[in-house]
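Here are the chains, one letter per residue:
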Amino acid sequence: MIVAASAMSTLGLGLGLLLGLAARRFHVETPPLLGEIEKILPGTNCGACGFAGCAGLALAMSEGAAPITACPPGGREVALALAEIVGIEEGAEASIAGMAELQPMVAFIFEDHCTGCGKCFKRCPTDAIVGAAKQIHTVVMDACIGCDACVDICPTEAIVTRRKPRTLNNWYWDKPALAFGAAAPGRSAGTA
Amino acid sequence: MAFPSLAALLRPSQIFAVRGGVHPEPGKHLTAEAEVLDMPVPPLVRVPLQQHSGAMAEPLVRRDDIVLKGQLIGQARGAMSANIHAPTSGRVIAVGHFTAPHPSNLPIPTITIRSDGEDRWGPRLPRLRPEDANPDEIAAQIERAGIVGLGGAAFPAAVKLNQRRKYALDLLLLNGAECEPYLTCDDRLMREHAEGLVDGAGIMARALGVSRIVIAVEANKPEAIAALRRYKHALGIALSVAVVPTQYPMGSAKHLVLAVTGKETPARARTAELGVLVYNVGTAHAVHLAVRYGEPLISRILTVSGRAIARPANVRVLIGTPVADVIAFCGGLTAEPDRVLLGGPMMGLPIQNLRVPVVKGTCGILALSAAETRASAQMPCIRCGSCVQACPCGLTPFEMNARIHAGDLDGAVKVGLMDCIACGACAYACPSSIPLVQAFDHAKGKLAETQSRKHQQEETRRLAIARQAREAAMAEAKRQAMARRKAEMAARKATEPGAAVAELPPAQAAP
């Protein structure tokens, strides 16, 4: 009886030790979700998601308290990148598809209403607003992420967000429709 | 009947024709025998500040300024840009936005000049004797004259010329293939101005330091070939004419180099890496005018054709002339055109507004009647492979198209989307009338947009980090100042307690 018990416990201990060693030896480093999410988020701390900066959103997202589509400036690319590591919740697929239609937005200052108070200038997370006290402010469109932070703070409601204007440099043809039986629109190729 | 010599049979252009390609209805008979007409000065010219690839030129004139013909009105900005000159004399009536000659109908910064009808020349550029000039002087003159590639892409000619510093060049290839149907402006230029064109070629060859010049012409232009064959040298540099097969898209730079030299340009590389630089024949003529006569690029020859035009013709027009005026000069429209295109029928861009101006890169105005456009119904792909046979780049258009419609742009890039030259041979060859090249145009634009958005995101992240660092530094500096002040106060209190501290106002206590 003692022999059997000791044999079993030796076996158990030995195997346990082996398992323990194997766990150490073949340990796979799993990256902490939080850091991964933070890396994907724009990192501008604009506050458009309603959380305390990008770190706040990352924390909420890792706990499942925020949807992956919560970052408007990041848009579709960020949502898709997040979907790969966080996993897609119920109904998120539709909202990602909806994000595809979202146009990039930029802030626009109505110069007639601007008093030069400098509040927006201080609030902008990417320093996209230039101006000085008592001077009319303006937005550097390439640096603006359309986060709305300046819109809320403007005392004279002189700032709105608009769709980023199309120029000849960023214009491109629409996707031709796959409509069978319809004449092809768009460029002329092969008309002759 | 003459037998082709053995040497002629061994020319690479006869053996290495481009793969694929199509043979569209030429339609060149409408204008091939029409001598180039000079169009009178229009009452209004609209000169866009961006007529070239690269950065926009900066306006140098203001409203109500009086300008003379050839005066610099737009200064090149940055390394990739081109000067803009006033095409005629008159008064600047607006420096603002006007619809671009582009299918998007978007506005573009434009200088509008009301001509005074006198067409008075201002001071021309200083002339240059190319025989004595060094390459840098010639390149500077071409840059001053605002010359861009006149084949359509409008790449600044001087920037291309500067590739001589980076690559070992040995051949200047002039592109007189003119493979697009309908267009005959290069054909007419080669016939009527062969001497000036050859001189321009010699000037460019001298600037590049190459040892030979080849002018490539498609076999369907025998008169142009005969006109050019009279010249064996240009400024002492050997010149020859290569006859290439009539086939679309023979005029693509990489395919022309393949046909003439037998060397294939690697994917996404430049022909300069093979030691060959390709210019349009029109560019060579513009260089001749700029160097010999000091005339900047303010006019160009273009083909006005299509069955909806009353009198199809080749016309020399001032840059900035409204398209509607050019059409009116050619007798106007005989019928409501189905489509008005700038450029050729294969790669040209449709425009909606006929008030848009002619720019440096406009090689043709086509008003096509419904009989000429092919508006057949789109059908499903039957996997016949016609597009694969037609593709001059050896791609599989049907597969790229399927991937683009499935939203898999990366997959389309993997099968060669970025090697597509957008010639449209696939869409032309497709028996199901599938808009293949249109899908590729869309996908390339979309990819460029994604790329720029990614770039912007990285840049804004950098800005945000810089801001955070700055704010942290400011907070830290403030905290340290506070601590120092506190320490000073404490020290003072310790040395002379009581009244002394109360005497000093707080502002002085903390310098």
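Residues numbered from 1 in each chain as written. Chains lettered and ligands numbered in written order. Predicted model: local features only at pLDDT ≥ 70, side-chain atom pairs only at ≥ 80, totals over all residues.

Novice: What should I look at first to understand helix α8 (residues 253-261) of chain B in this one?
Specialist: Residues and elements named next belong to chain B. In terms of burial, α8 is largely enclosed, as 9 of its 9 residues are buried. Along α8, the positions that sit buried rather than exposed are Ala-253, Lys-254, His-255, Leu-256, Val-257, Leu-258, Ala-259, Val-260 and Thr-261. Looking at the residues trailing α8, positive phi occurs at Gly-262, about 80°. (Buried ≥ 20, exposed ≤ 12 C-beta atoms within 10 Å, placed from the backbone. Helix = DSSP H or I, 4+ residues; strand = E, 2+ residues; numbered from the N terminus.)

Novice: Explanation requested: the domain arrangement of chain A in the structure shown.
Specialist: Where the parts come together, the accessible area they lose is often given as the size of the interface. Residue and element names in this part refer to chain A. Domain annotation for chain A reports domain 1 (33-99) and domain 2 (105-163). Relative to domain 2, the C-alpha centre of domain 1 lies at a distance of 25 Å. In this assembly, 7 residues from domain 1 lie in contact with 7 residues from domain 2. Partitioned by chemical class, the residues of the side of domain 1 that touches domain 2 number 4 nonpolar, 3 polar and no charged. (Domains from an automatic or database assignment. Contact = placed C-beta atoms within 7 Å. Nonpolar A, V, L, I, M, F, W, Y, C, P; charged D, E, K, R; others polar.)

Novice: It is not clear to me how the environment of Lys-119 of chain A should be interpreted in this structure. Could you clarify?
Specialist: Residues and elements named next belong to chain A. Within the secondary structure layout, Lys-119 lies in helix α6 (residues 119-123). The spatial distance from the C-alpha of Lys-119 to the C-alpha of Asp-142 is 20 Å, given a sequence separation of 23 residues. Other than its neighbours up to four places away in sequence, Lys-119 contacts Ile-153, Cys-154 and Pro-155.

Novice: What exactly am I supposed to notice about helix α12 (residues 397-405) of chain B here?
Specialist: Structurally, the α-helix is built with 3.6 residues per turn, so residues lying three or four positions apart point the same way. Looking at α12 of chain B, one finds that the buried residues are Pro-397, Phe-398, Met-400, Asn-401, Arg-403 and Ile-404 of chain B. Looking at the buried residues of α12 of chain B, the elements they touch are α11 (386-390), α13 (409-414), α14 (425-429) and α15 (436-495) of chain B.

Novice: Sorry if this is basic, but what is going on with the sheet that holds strand β12 (residues 237-244) of chain B here?
Specialist: Residues and elements named next belong to chain B. The 5 strands are arranged β11-β12-β10-β9-β13 in an open sheet whose pairing can be described as mixed. In the strand order of this sheet, the two ends are held by β11 (233-234) and β13 (276-280), each with one partner. Pairing of strand β10 (residues 212-218) with β12 involves 7 bridges; the strand directions are parallel. Bridged to Ile-215 within β12 is Val-241. (Pairing = 2+ DSSP bridges.)

Novice: Looking at this structure, I do not really get the interface of chain B and chain A. What am I missing?
Specialist: Taken together, the contact between chain B and chain A spans 51 residues of the former and 35 residues of the latter. When residues of the side of chain B that touches chain A are traced back to their parent elements, those giving at least two are β16 (339-342), β17 (349-350), α14 and α15 of chain B. Here the side of chain B that touches chain A takes 17 residues from α15 of chain B, the largest share from any one element. Tallied by class, the residues present in the side of chain B that touches chain A amount to 25 nonpolar, 16 polar and 10 charged.

Novice: Sorry if this is basic, but what is going on with unusual backbone geometry here?
Specialist: A negative phi holds for most residues other than glycine; trans holds for most peptide bonds. Residues and elements named next belong to chain B. Pro-249 follows Tyr-248 through a cis peptide bond whose omega is 0°. With respect to the helices and strands, Pro-249 occurs in the loop between β12 and α8. Even without being glycine, Asp-119 reaches a positive phi, approximately 55°. Position of Asp-119 among the secondary structure elements: in the loop between β8 (107-115) and α3 (135-144). Its 15 C-beta neighbours within 10 Å are what place Asp-119 among the partly exposed residues.

Novice: I keep staring at the sheet that holds strand β4 (residues 66-67) of chain B and nothing clicks. Help me out?
Specialist: Pairing is antiparallel in the open sheet, where 4 strands are placed in the order β2-β8-β7-β4 (chain B). Strands with a single pairing partner mark the edges of an open sheet, and in this sheet they are β2 (44-48) and β4 of chain B.

Novice: Looking at this model, I keep getting lost on the packing of helix α2 (residues 33-40) of chain A against helix α4 (residues 75-86) of chain A. Mind explaining?
Specialist: Packed helices, taken two at a time, are described by the angle their axes make and the gap between the axes. Residues and elements named next belong to chain A. For the pair α2 and α4, the least separation of the axes is 10 Å and the interaxial angle reads 165°. Classified by the angle between their axes, α2 and α4 sit roughly antiparallel to one another. Judged by the sense of rotation from one axis to the other, the crossing of α2 with α4 is right-handed. Side by side, α2 and α4 meet where Leu-33, Glu-36, Ile-37 and Ile-40 of the first sit next to Val-78, Ala-81, Leu-82, Ile-85 and Val-86 of the second. Tallied by class, residues from the contact of α2 with α4 come to 8 nonpolar, no polar and 1 charged. (Axes fitted to C-alpha atoms, helices over the stretch in contact; angles between N-to-C directions. Parallel < 35°, antiparallel > 145°, perpendicular 65-115°, else oblique. Left-handed = near helix turned anticlockwise from the far one by under 90°.)

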